[in-house]
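Now for the letters of each chain:
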Amino acid sequence: RVQILRAPASGKRVAVAGGGAEGLTAAYFLNRLGHDAVVYEGSARLGGLLRTGIEENRLPRNVLDYEIEGILDAGVEARMNLKLGSDFTVDSLLKEGFDAVVVTVGGWDTQMAYKDRGRVLPGVSLLIDFMLKQKEGKAGASGKKIMILGGGHAALHAAMDCVGEGAERVHIVLRKTR
């Protein structure tokens, strides 16, 4: 593994709230600039949607783990199972002696996935919502007839899960021909 040289130590400490793609990237480059970076992640594993929302065939977990290990090996520290707002705040991190706090607790896609859309379009959900519920062990779909808009491996995986959960019919609607 080849590491980019680290600038001389700046003496600055930066906390990064969120251990997904944005947080890990920010922490890595802050570290390379000579700052001590600490990532605070609310779950037990780093990676965010890279780990939970992208299928294994598109991003093998061993590749993701290798890249995250490289970031940690470069000197970034990670503190797991700590959530912004309940276990720590921006204020508490600053009082702890951090010079800055970078907040990366979910990109637009994560925020969109957790909004309550059920009242606007009853029975309609994003594929990412379904996948995240499946990863958490919760039933992702309800109903006997399911329609999935879009193809690809994730759509096929979702269709198989729907059948496994008792759907009688699952239709996949594609923009292109088979």
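Parameters and conventions
- Residues numbered from 1 in each chain as written.
- Predicted model: local features only at pLDDT ≥ 70, side-chain atom pairs only at ≥ 80, totals over all residues.
- Heavy atoms only, no water.
- Helix = DSSP H or I, 4+ residues; strand = E, 2+ residues; numbered from the N terminus.
- Contact = heavy atoms within 4.5 Å.
- Areas by Shrake-Rupley, 256 points an atom, 1.4 Å probe, with all protein chains shown as cover.
- Core = buried A, V, L, I, M, F, W, Y, C linked by side-chain atoms within 4.5 Å.
- Buried < 20%, exposed > 50% of the residue type's maximum accessible area, 1.4 Å probe, protein only.
- Axes fitted to C-alpha atoms, helices over the stretch in contact; angles between N-to-C directions.
- Parallel < 35°, antiparallel > 145°, perpendicular 65-115°, else oblique.
- Left-handed = near helix turned anticlockwise from the far one by under 90°.
- Nonpolar A, V, L, I, M, F, W, Y, C, P; charged D, E, K, R; others polar.
- Pairing = 2+ DSSP bridges.
- Right-handed = clockwise from strand over helix to strand, strands pointing away.

*Asks:* What's the story with the overall build of the protein in this structure? I'm lost.
*Replies:* Broken down by element type, the protein carries 7 helices and 6 strands. Secondary structure elements of the protein occur, N-terminal to C-terminal, as β-α-β-α-α-β-α-β-α-α-β-α-β. Of the contacts made within the protein by residues no fewer than 6 positions apart, 62% connect residues no fewer than 24 positions apart. Summed over its atoms, the accessible surface of the protein is roughly 11,300 Å², and 57% of this surface lies on carbon and sulfur atoms.

*Asks:* What is the right way to look at the nonpolar core in this model?
*Replies:* Grouped together as the largest cluster of nonpolar side chains are 15 residues, with contacts concentrated most on Ala27 and Val39. Contributing elements (two or more residues each) for this core: β1 (13–17), α1 (21–32), β2 (36–40) and α3 (61–73). Not counting chain neighbours up to four residues away, the residues in contact with valine 39 comprise Val16, Gly18, Gly19, Gly23, Ala27, Leu46, Val76, Glu77, Ala78 and Arg79. In terms of nonpolar packing, the next biggest core, distinct from the first, is built from 8 residues, Phe130, Ile146, Ile148 and Ala167 among them.

*Asks:* Explain the packing of helix α6 (residues 127–135) against helix α7 (residues 152–164) here, please?
*Replies:* Describing two packed helices takes the angle between their axes plus the distance from one axis to the other. Contact geometry for α6 and α7: axes closest at 11 Å, N-to-C directions at 55°. Between α6 and α7, the angle is such that the two are oblique. In the crossing of α6 with α7, the sense of the turn from one axis to the other is left-handed. Together, Leu127, Phe130, Met131 and Gln134 of α6 and Ala154, Ala155, Ala158, Asp161 and Cys162 of α7 make up the contact between the two elements. Within the contact of α6 with α7, the residues separate by chemical class into 7 nonpolar, 1 polar and 1 charged.

*Asks:* I'm lost on the pairing of strand β5 (residues 145–149) in this one. Help?
*Replies:* On any regular strand, side chains alternate: one points to one face of the sheet, the next to the other face. Side chains Ile146 and Ile148 of β5 all project onto a buried face; the interleaved residues Lys145, Met147 and Leu149 project onto a face where none is buried. Pairing of β5 with strand β6 (residues 169–173), which is carried by 5 bridges, proceeds in the parallel orientation. What sits directly across from leucine 149, in β6, is valine 173. Once the chain exits β5 it traverses α7 before rejoining the sheet at β6, and the crossover so formed is right-handed.

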